[in-house]
Amino acid sequence: MDKNWKIETLAVQAGYEPKDGESRILPLVQSTTYKYDDVQSVADLFDLKKSGFFYSRLANPTVDCFEKKIAAMEKGVMAVALSSGQAANAYSLLNIAKCGDHVLALSSLYGGTVSLFTNTLKKAGIEITFVTPDAGYDEVISAIRPNTKAVFVESLANPALVVADFELYAKAAHANGIPLIVDNTFPTPVLCNPFDFGADIVTHSTTKYIDGHATSVGGIVVEKGDFDWAASGKFPEFTEPDESYHGVVYTRDFAAAPFSVKLRVQLVRDYGIPQAPLNAFLSHLGCETLPLRIERHSENALEVAKFLKNHPNVSWVNYPGLPESPEYAKVQKYFRNGMASGVLCFGVKGGKAAGERAMNALKLANIVVHVADVRTGVLHPASMTHRQLSDSELIAAGVSPDLIRLSVGIENVEDIKADLDQALRA
Ligand SMILES: *Cc1c(COP(=O)(O)O)cnc(C)c1O
């Protein structure tokens, strides 16, 4: 692999590199276990003296290649694949913050992440507070506390479709010696590499565009590799001996990727939640066409957004790729070729009830909870994915009661528009 390859080439070529006579296609190693010639080789693996496979909870050859492909596409040093995007986001924080710590997050996050942060991580003693996306630098800085261990944002919020102003959050985080974590699910590494704009850790729900065909739930955490965990003195778990691993010091013994190694040998070892080999196989396959698909998703979504904007029965449209969108300038600055991915939101004249009628009348577009696969789908977040959020959390997440989220697929755009038109007139 050549690190300077462009994203389309990395998507196809990175990850799996067969040796002479080996399968050209990534093999699916559906095995929990590996065989050794002597006891010492297993002992060395357990002591982290040598890398290799010993048990698929911790690492598996198929999952390993998927991790390498995503790490290459994100321009990171290492990635750890997990069983879901939820697991990826939970581990990205649990690897850094513990009971008594604080994390600052953007309020416009995916509903599942808000729930994880405000309910489950809170029970673990990690306090997470939120700033709104319009908060300026001073407001962000003043929300960071002495015990704040990370700033967490979504590059393109699901479903508020707010583009994170990476440079602002990176500057605020780094001024306090803490990392910026970016959930990059919606743009994918094809449209945006948050590491180029100051992020230190990237997460994905690979369930979405990366798999792209709605076959596999999965998540991944990627490390950029140059964050200084020692400088602030805030991360002793990285810089002091880990007695659960014979005194390993992650920043000393695994200086290239201390975050990823720590995450794997502590969190994945103890809690599990690894990605299944079959899901990694399918998601790795999905990556190969990701650049092509994202291009089509973006083109179709822009066309559909323009169509809806001019439709007599539509009251508003939110798509960051529309020039009149307040997000447009950030799309131009941070996203490749100004493409804005395949998800848009709109409201139907007549509000929630009229919106539901229109959704029920769709024929090509299905009502699905999923988003970001090849098939066009619609969702009403307030009554579906975000129904556990309170009214104020809904507003903070950018979800109005009439909001319909449309995940524009890669079908012919004329067919998508015709279906929307007949449903909106129904
Ligand atoms: C779907 C999603 C998640 C959660 O991922 P799962 O794979 O469903 O667990 C996290 N973040 C964003 C932005 C998502 O869209």
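Before reading on, note that the structure itself is shown above.
Below is a summary of the structure that appears in this document.

Another aspect to go through is the overall build of the protein. Along its length, the protein carries 16 helices and 12 strands. In terms of C-alpha radius of gyration, the protein reaches 22 Å, essentially the compact-globule figure of 22 Å for 426 residues. Overall size of the protein, expressed as C-alpha extent along the three principal axes, is 70 × 55 × 35 Å. In the protein, buried positions account for 55% of the 426 residues. Considering only intrachain contacts with a sequence separation of at least 6, the fraction spanning at least 24 residues in the protein is 73%. Carbon together with sulfur atoms contributes 54% to the accessible area of the protein, which is approximately 17400 Å² in total. Distance between charge centroids for the protein: 2 Å, based on 40 positive and 49 negative side chains.

Glancing now at the packing of helix α4 (residues 85–94) against helix α5 (residues 111–123). At a minimum axis separation of 10 Å, α4 and α5 run at an interaxial angle of 45°. Overall, the two elements α4 and α5 adopt an arrangement that is oblique. As α4 packs across α5, the resulting crossing turns out to be right-handed. Residue-level inspection shows Gln-86, Asn-89, Ala-90, Leu-93 and Leu-94 of α4 in contact with α5, the latter providing Gly-112, Thr-113, Leu-116, Phe-117 and Leu-121. Each residue belonging to the contact of α4 with α5 can be placed in one class, and the counts come to six nonpolar, four polar and no charged.

This next bit is on helix α11 (residues 258–271). Compared with an ideal rise of 1.5 Å per residue, which puts 14 residues at 20 Å, α11 spans 19 Å between its outermost C-alpha atoms and is within 8% of the ideal. Counting buried positions along α11 yields 12 of 14 residues, so the element is predominantly enclosed. Among the residues trailing α11, Gly-272 stands out with phi positive, at a value near 80°.

Here Phe-66 shows up in helix α3 (residues 61–73). For the pair Phe-66 and Tyr-16, spaced 50 residues apart in sequence, the C-alpha to C-alpha distance is 7.8 Å. Filtering out sequence-adjacent residues up to four positions away, Phe-66 remains in contact with Ala-81, Thr-206, Ile-210, Ile-220, Gln-275, Ala-280, Ser-283, His-284 and Cys-287.

All right, on to the pairing of strand β7 (residues 219–223) then. Within β7, five of the five residues are buried, which leaves the element mostly enclosed by the surrounding structure. Of the two faces of β7, the one lined by Gly-219, Val-221 and Glu-223 and the one lined by Ile-220 and Val-222 are each fully buried. Relative to β7, strand β6 (residues 201–205) runs antiparallel, the two sharing five bridges. The partner of Val-202 across the bridge, within β7, is Val-222.

Now for the layout of surface pockets. Here the largest pocket defines a volume of roughly 1000 Å³. Asp-64, Lys-68, Val-77, Met-78 and Arg-264 are the residues nearest the centre of the largest pocket, which is lined by 37 residues in total. Where the lining of the largest pocket is concerned, the elements lending two or more residues are α1 (7–13), α3, β1 (78–82) and α11. The element best represented in the lining of the largest pocket is α3, accounting for six residues.

Using the criterion set out here, one finds 14 aromatic pairs in the structure. Site record: aromatic cluster; members linked through ring pairs are Phe-227, Trp-229, Phe-235, Phe-238 and Phe-259. The ring of Tyr-137 is capped by Lys-171, whose NZ or CZ atom sits 4.5 Å from the centre of that ring.

Let us now look at the site of the ligand. Among the 14 residues in the neighbourhood of the ligand, the closest are listed as Gly-85, Asp-183, Ser-205, Thr-207 and Lys-208. Between the ligand and Asn-158 there is a distance of 2.9 Å, counted from an oxygen atom to a side-chain nitrogen or oxygen. Contact with the protein chains hides 92% of the accessible area of the ligand, taken as 380 Å² for the molecule alone. It is α4 that provides the largest number of residues to the shell around the ligand, a total of three residues. Each residue belonging to the shell around the ligand can be placed in one class, and the counts come to two nonpolar, nine polar and three charged.

Attention now moves to the nonpolar core. One broad rule of soluble globular proteins: the nonpolar side chains tend to lie buried together. Leu-308, Leu-344 and Phe-346 are the most contacted members of the largest nonpolar core, which totals 124 residues. Examining the composition of this core, we find that eight residues originate from one element, helix α12 (residues 277–309), more than from any other. Counting five residues, the second largest nonpolar core, distinct from the first, contains Tyr-245, Val-248, Tyr-250 and Val-261.

Basis of the calculations
For every chain, the first residue of its written sequence is number 1, and the numbers climb from 1 along that sequence. Residue-level local features of this predicted model are given only where pLDDT is at least 70; pairs of side-chain atoms are given and counted only at 80 or more, and the full residue set underlies all totals for whole chains, interfaces and linings. The basis for the side-chain values is all heavy atoms of the structure; hydrogens and waters are excluded. Strands are runs of DSSP state E lasting at least two residues, helices are runs of H or I lasting at least four, and both sets are numbered from the N terminus onward. Radius of gyration here uses only the C-alpha atoms, and the compact-globule reference equals 2.2 Å multiplied by the residue count raised to the power 0.38. Any residue under 20% of the maximum accessible area for its type is buried, any over 50% is exposed, and the rest in between are partly exposed; the area is computed with a 1.4 Å probe on protein chains only. By the convention used here, residues are in contact when the closest approach between their heavy atoms is within 4.5 Å. Areas reported here follow the Shrake-Rupley algorithm with a probe of radius 1.4 Å; residue values treat only the protein chains shown as occluding. The charged-residue count follows a simple rule in which Lys and Arg add positive charge and Asp and Glu add negative charge, with His and chain termini not counted at all. Working definition for charges: the position is that of NZ of Lys, CZ of Arg, CG of Asp or CD of Glu. Simply put, an axis is a line fit to the C-alpha atoms, just over the touching stretch for a helix, and the angle between two N-to-C directions goes from 0 to 180 degrees. In this scheme, roughly parallel covers angles under 35 degrees and roughly antiparallel covers those over 145, while 65 to 115 is roughly perpendicular and the rest are oblique. If you view the pair so one helix is near and one far, a crossing is left-handed when the near helix is turned anticlockwise from the far one by less than a right angle, and right-handed when it is turned clockwise. In this count, Pro and Cys sit with the nonpolar residues alongside Ala, Val, Leu, Ile, Met, Phe, Trp and Tyr, while Asp, Glu, Lys and Arg are called charged and the others, Gly among them, polar. In a helix, the anticipated span is given by 1.5 Å times the number of residues less one. Paired strands, in this sense, are two strands between which DSSP finds at least two bridges. Space inside and on the surface of the protein is sampled on a 1 Å grid over the protein atoms alone, with a cavity defined as a set of points where a 1.4 Å probe fits but cannot get out and a pocket as an open set with protein on both sides within 12 Å along at least 5 of 7 lines; lining residues have an atom within 4 Å of a point. Grid points are joined across faces, edges and corners, and a volume is the space filled by probe spheres set on the points. In summary, the pairing rule links any two rings of Phe, Tyr or Trp, Trp by its six-membered ring, whose centres are within 6.5 Å, and it sorts them by plane angle into stacked for under 30 degrees, edge-to-face for over 60 and tilted for everything else. Cation placement over rings: the criterion is NZ of Lys or CZ of Arg within 6 Å of the ring centroid and within 35° of the ring normal. Nearness is defined per residue: one heavy atom within 4 Å of the molecule or strand is enough. Whenever two N or O atoms come within 3.5 Å, that pair is a polar contact, provided that in protein one can donate a hydrogen and the other can accept it, and provided that, for residues adjacent in sequence, both atoms are side-chain atoms. In this text, buried Ala, Val, Leu, Ile, Met, Phe, Trp, Tyr and Cys residues form a nonpolar core when linked through side-chain atoms within 4.5 Å.

Geometric descriptors of this kind do not, in isolation, establish any biological role.
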